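Per-entry structural report
Single-letter residue listing:
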Amino acid sequence: MSKTERDAAGAPAAKARKARTGKAQAAKEPVVEIPAEETPVAGGPVAAALVAESPLAQGPGVPAVREEADGPQGGRLAVRKTYKLYIGGAFPRSESGRSYVVTSSTGGFLANASKASRKDARDAVSAARKAFAGWSGATPYNRGQILYRIAEMLESRRAQFAAELAEAGTGRAGEAVDAAIDRLVWYAGWSDKIAAVAGSANPVAGPYFNISAPEPTGVVAVVAPDDPLLGLVSVVAPVIVTGNTCVVIASERAPLPSITLAEVLATSDLPGGVVNILTGSVKEVAPWLAAHMDVNAIDLTGVADEDVAVACEQAAAENLKRVLRPSAPDWSADPGTRRMTAFLETKTVWHPTGV
Amino acid sequence: MFEYAPAPESRDVVDIKPSYGLFIDGEFADGTGTPFKTVNPATEEVLAEVATASQADVDRAVRAARKAFGAWSALPGSERAKYLFRIARIIQERSRELAVLETLDNGKPIRESRDVDLPLVAAHFFYYAGWADKLGYAGYGPAPRPLGVAGQVIPWNFPLLMLAWKIAPALACGNTVVLKPAETTPLTALLFAEICRQAELPPGVVNIVTGAGETGAAVVNHPDVNKVAFTGSTEVGRIIARSVAGSAKKVTLELGGKAANIIFEDAAIDQAVEGIVNGIFFNQGHVCCAGSRLLVQESIAGDLMESLKRRLSMLRLGDPMDKNTDIGAINSAEQLARVRELSDIGEAEGAERWSPACALPERGFWFPPTIFSGVAQSHRIARDEVFGPVLAVLTFRTPAEAVEKANNTAYGLSAGVWTEKGSRILWTADRLRAGVVWANTFNKFDPASPFGGFKESGYGREGGRHGLEAYLDV
């Protein structure tokens, strides 16, 4: 379903829900979605539609439709995973207590993902800022090894990711996982080479030693594309390999692989806070990150709504964030160095020569 | 102090016309806006009347640039290079004339326009001329394409040098340009237009539209401009960044600064004092990368301040056309008001103000070299860009504290570090969040050396191989 269709469908559904909850709230029936404190449009019709589609919205007692190999009939009930956020190396729930229903490509219930709030975004920025000195100060060799380790960890969970991606509707899921692993390996190798390619020794007309080298921009906000693993890896790896730290808003439609990827990151010696992953509404959270004064750059690649993208770019102007505008790249193509250099600053150092 | 006999440069070497038009499609033309006057800030004498480009005039300039783009970008790089080499040569041939005109219109000492600005202007064209037929080797792919029409808006502090920084790389990469010089310093840009004609540059490749902020906004916001390049205040930079949101325009911004100049206790003091003076009093402090925050290690603060004050007492302020003058005029009444206001705030906030005994000329816009000591990091004079000859002095005890204080700013354009210990230079330079770090020197520029900021000092680099990226579709 396209976004507009969902919106159109969402409006009456939300109305219907309101009508129901009028009574329900009086009867203290638990309501799935806690209203956002920040803005009346929080969540918007999309979330409302998702809630309306959820089995829970139809009242308690409706069984989840997720197919599980070991269902009750198989003798053992599966222990499901709670999908939370990934902030500062830990897995907190959204401080707002909100969640939203994530469905499979066929509409079945998959999980309740955390619905990040403004406060979660700010906590994630704090964590990213805290991690910046250590990560940018690490040797490129060390960063490369850690990225390679992420690839190793991803490889070891290949089957799990392939299954999750298939559920999320990614075709050729196994190939997508392979490509994501290979991309990490590719970027891992860049850690100690990008400075040689992006830097320069400058032959100035005077008795000076003069050299330019790239340095990480700082904390980068990333709106990941709706390609839950390969797309995500393709936007995060180039940001962090050079020493930036980031706050990522995962694919809104298919956020689950991103949190599973967080488990991979958490076991790869990547310092906590280097990558922080939020799940929830792009429309709600991205503008907060775009306006955050301690964020140095924003990658809008995954922003599908043009108005949201323009609003984010405008908000980003307040502290002159570096902005990578929305795009829909072919994630299987050679990425080039552009995604790295977009979040690098060139520092030029002069010193006199002489005896 | 030595007495010097006046050594005035002759203003007869330049022929200033009573009025100037816009330069569009290779021709000078009247503007349809209300003309404005440009004055000599050292004397308040009106130099000339200059046309104001209206929206319609800017539109005409952009159309001319668009029309010229096809043939210009299709020229072999080696041919474009030859035009740029020609321009570089004509600038050298006419450098005295340009230097005098720059000093008259801007107020900077003739020694600086003659020895710093003009040589760098020529060098910049010469440097980028050489890139025009080598773009495939610059690291942006085998055959990088130009962007199209570049809209460029430049400031008044280095009028011709900023023009060179903008036009040379743009043309080398195959773009055409519409450039708006600053309202208070349009004259050298208009003389440059004449140089373009002498060089037989194809009409429309360079267009110059004069005017105030409104003209600049018309250039930046024009829908047929593919690239926006701006040098100026962070305040205007923000407005530009906001206004291009949602467009496909590529943007580079070179904005304000509040550079820390860090003096460690083992620095060579006499050299450091020269560097401090050059850092903040060069060009009356009208320099975005000026070393406006002096960070001195506490153990040497007393001695250093004494040396610095002694040195300041020897600076010669006055007639910019005098070849012995060190400090010229503040560029405009408006800028003088801002420097005065921030200095008064510095005093009101509790910092201690000091200037050498220094007679100011009666006419014109003048401000004495000024030092504030006892400055706290929260003071406005430690946070805001004064863009004048005003130095805020702070102290530190440890290298870590120096770096912490140096980085405690929204800006990140430049920084200085003075120490005789090599490893400390590199340690400090590594940690400074600034685009240019001068170690045991300050305010050095070269076309081969990339220049530009971190954080709110803007984005993009000018100069060097890096400067090409701003004008290529990559």
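About the cut-offs
Residues numbered from 1 in each chain as written. Chains lettered and ligands numbered in written order. Predicted model: local features only at pLDDT ≥ 70, side-chain atom pairs only at ≥ 80, totals over all residues. Helix = DSSP H or I, 4+ residues; strand = E, 2+ residues; numbered from the N terminus. Rg over C-alpha atoms; globule rule 2.2 N^0.38 Å. Contact = placed C-beta atoms within 7 Å. Buried ≥ 20, exposed ≤ 12 C-beta atoms within 10 Å, placed from the backbone. Pairing = 2+ DSSP bridges. Axes fitted to C-alpha atoms, helices over the stretch in contact; angles between N-to-C directions. UniProt positions renumbered as here; feature names shortened; annotations may be inferred. Nonpolar A, V, L, I, M, F, W, Y, C, P; charged D, E, K, R; others polar. Domains from an automatic or database assignment. Parallel < 35°, antiparallel > 145°, perpendicular 65-115°, else oblique. Left-handed = near helix turned anticlockwise from the far one by under 90°. Expected span 1.5 Å × (residues − 1).

Per an unreviewed UniProt entry, chain B carries the name Aldehyde dehydrogenase and comes from Planobispora longispora.

Chain A carries the name Aldehyde dehydrogenase in an unreviewed UniProt entry, which gives Planobispora longispora as its organism.

For chain B, the count of helices and strands is 14 helices and 18 strands. Taken over C-alpha atoms, the radius of gyration comes to 22 Å for chain B, in line with the 23 Å a tight globule of 474 residues would show. A fraction of 72% describes how many contacts in chain B between residues 6 or more apart in sequence connect residues 24 or more apart.

In terms of helices and strands, chain A carries twelve helices and ten strands. Across the 355 residues that make up chain A, the buried fraction comes to 50%. Of the contacts formed within chain A by residues at least 6 apart in sequence, a portion of 76% connects residues at least 24 apart.

On to the sheet that holds strand β5 (residues 219-223) of chain A. Neighbouring strands of a sheet are bound in pairs by backbone hydrogen bonds; such pairs are parallel or else antiparallel. Residue and element names in this part refer to chain A. Spatial strand order, β7-β6-β5-β8-β9: five strands in an open sheet with parallel pairing. A single partner strand is all that each edge strand has here, and the edge strands are β7 (275-278) and β9 (322-324). Here the strands of the sheet are splayed against their neighbours by 15 degrees on average, with no regard to which way each runs. Bridge analysis of β5 against strand β6 (residues 245-249) gives five bridges, and the strand direction is parallel. In the sheet register, valine 219 faces β6, and the bridge partner there is threonine 245.

A few words now on the UniProt feature "domain: Aldehyde dehydrogenase" (unreviewed entry) in chain B. The UniProt entry lists residues 32-473 of chain B under the feature "domain: Aldehyde dehydrogenase" (unreviewed entry), expressed in the numbering used here. As annotated, residues 32-473 of chain B has a helix share of 41% and a strand share of 15%, and its two end C-alpha atoms lie 34 Å apart.

With that settled, the discussion passes to the interface of chain A and chain B. In this assembly, 28 residues from chain A lie in contact with 34 residues from chain B. Secondary-structure elements contributing two or more residues to the side of chain A that touches chain B are β4 (208-216), α11 (306-316) and β10 (344-352) of chain A. Counting residues per element, the side of chain A that touches chain B draws most heavily on β10 of chain A, which supplies eight residues. Grouping the amino acids of the side of chain A that touches chain B by side-chain chemistry returns twelve nonpolar, eleven polar and five charged. Summarising the sheet, β10 of chain A and strand β17 (residues 436-439) of chain B pair through three bridges and their orientation is parallel.

Residue and element names in this part refer to chain B. Annotation from UniProt places "active site" (unreviewed entry) at Glu254. For glutamate 254, the location among the structural elements is in strand β10 (residues 250-254). What makes glutamate 254 buried here is the crowd of 28 C-beta atoms within 10 Å. Ignoring any residue separated from it by four or fewer positions in sequence, one finds glutamate 254 in contact with Thr231, Cys288, Gly452, Gly453, Gly458 and Glu462.

Looking down a regular strand, the side chains alternate between one sheet face and the other. Residue and element names in this part refer to chain B. In terms of burial, strand β15 (residues 390-396) is largely enclosed, as seven of its seven residues are buried. Alternating positions in β15 separate into two faces, Val390, Ala392, Leu394 and Phe396 on one and Leu391, Val393 and Thr395 on the other, with burial throughout. Of the strand pairs in this sheet, strand β12 (residues 293-297) and β15 are connected by five bridges, and their pairing is parallel. Within β15, the residue paired with leucine 294 across the bridge is valine 393. Sheet topology places strand β14 (residues 370-373) next to β15; three bridges connect them, and they run parallel. Its bridge partner being in β15, isoleucine 371 is matched across the sheet by leucine 391.

A word on the domain arrangement of chain B. Residues and elements named next belong to chain B. By domain assignment, chain B separates into domain 1 (11-255 + 454-471) and domain 2 (260-439). Listed by partner, the interface residues are 21 residues for domain 1 and 26 residues for domain 2. Among the elements that take part in the side of domain 1 that touches domain 2, helix α4 (residues 110-131) stands out by supplying three residues, more than any other. Looking at the side of domain 1 that touches domain 2, its residues break down into six nonpolar, seven polar and eight charged.

Take helix α10 (residues 282-291) of chain A next. The buried count for α10 of chain A comes to nine of ten residues, which makes it a mostly enclosed element. The complete set of buried residues in α10 of chain A reads Val282, Lys283, Glu284, Val285, Ala286, Pro287, Trp288, Leu289 and Ala290 of chain A.

Okay, the sheet that holds strand β4 (residues 36-40) of chain B next. All names here are of chain B. Read across the open sheet, the three strands follow the order β1-β5-β4; overall the sheet is mixed. Two strands bound the open sheet, and with one partner strand each, they are β1 (19-20) and β4. Note: β1 against strand β5 (residues 45-50), two bridges, orientation parallel. Its bridge partner lying in β5, serine 19 is registered against glutamate 49.

Glancing now at the packing of helix α3 (residues 95-106) of chain B against α4 of chain B. Residues and elements named next belong to chain B. Orientation of α3 relative to α4, taken along the N-to-C sense of each, is 125 degrees, at an axis distance of 9 Å. Taken together, the axes of α3 and α4 are oblique relative to one another. In this structure, the crossing between α3 and α4 has a hand that is right-handed. Side by side, α3 and α4 meet where Ser95, Leu98, Ala99, Val100, Glu102 and Thr103 of the first sit next to Ile110, Ser113, Arg114, Asp117, Leu118 and Ala122 of the second.

All names here are of chain A. Both strand β3 (residues 200-201) and β4 contribute to a ladder of two bridges, which runs antiparallel. Residue pairing across strands places alanine 201 opposite isoleucine 211, the latter belonging to β4. From the end of β3 to the start of β4, which pair antiparallel, there are six residues.

Compared with an ideal rise of 1.5 Å per residue, which puts twelve residues at 16 Å, helix α10 (residues 301-312) of chain B spans 16 Å between its outermost C-alpha atoms and is within 8% of the ideal. Of the surrounding secondary structure, the elements contacted by the buried residues of α10 of chain B are β11 (260-263), α9 (269-281) and β12 of chain B.

A few words now on the environment of tryptophan 331 of chain A. All names here are of chain A. With respect to the secondary-structure elements, tryptophan 331 resides in the loop between β9 and α12 (338-341). Residue classification places tryptophan 331 among the partly exposed positions, given that 19 C-beta atoms sit within 10 Å. Note: C-alpha distance between tryptophan 331 and serine 234 (97 residues apart in sequence) is 7.2 Å.

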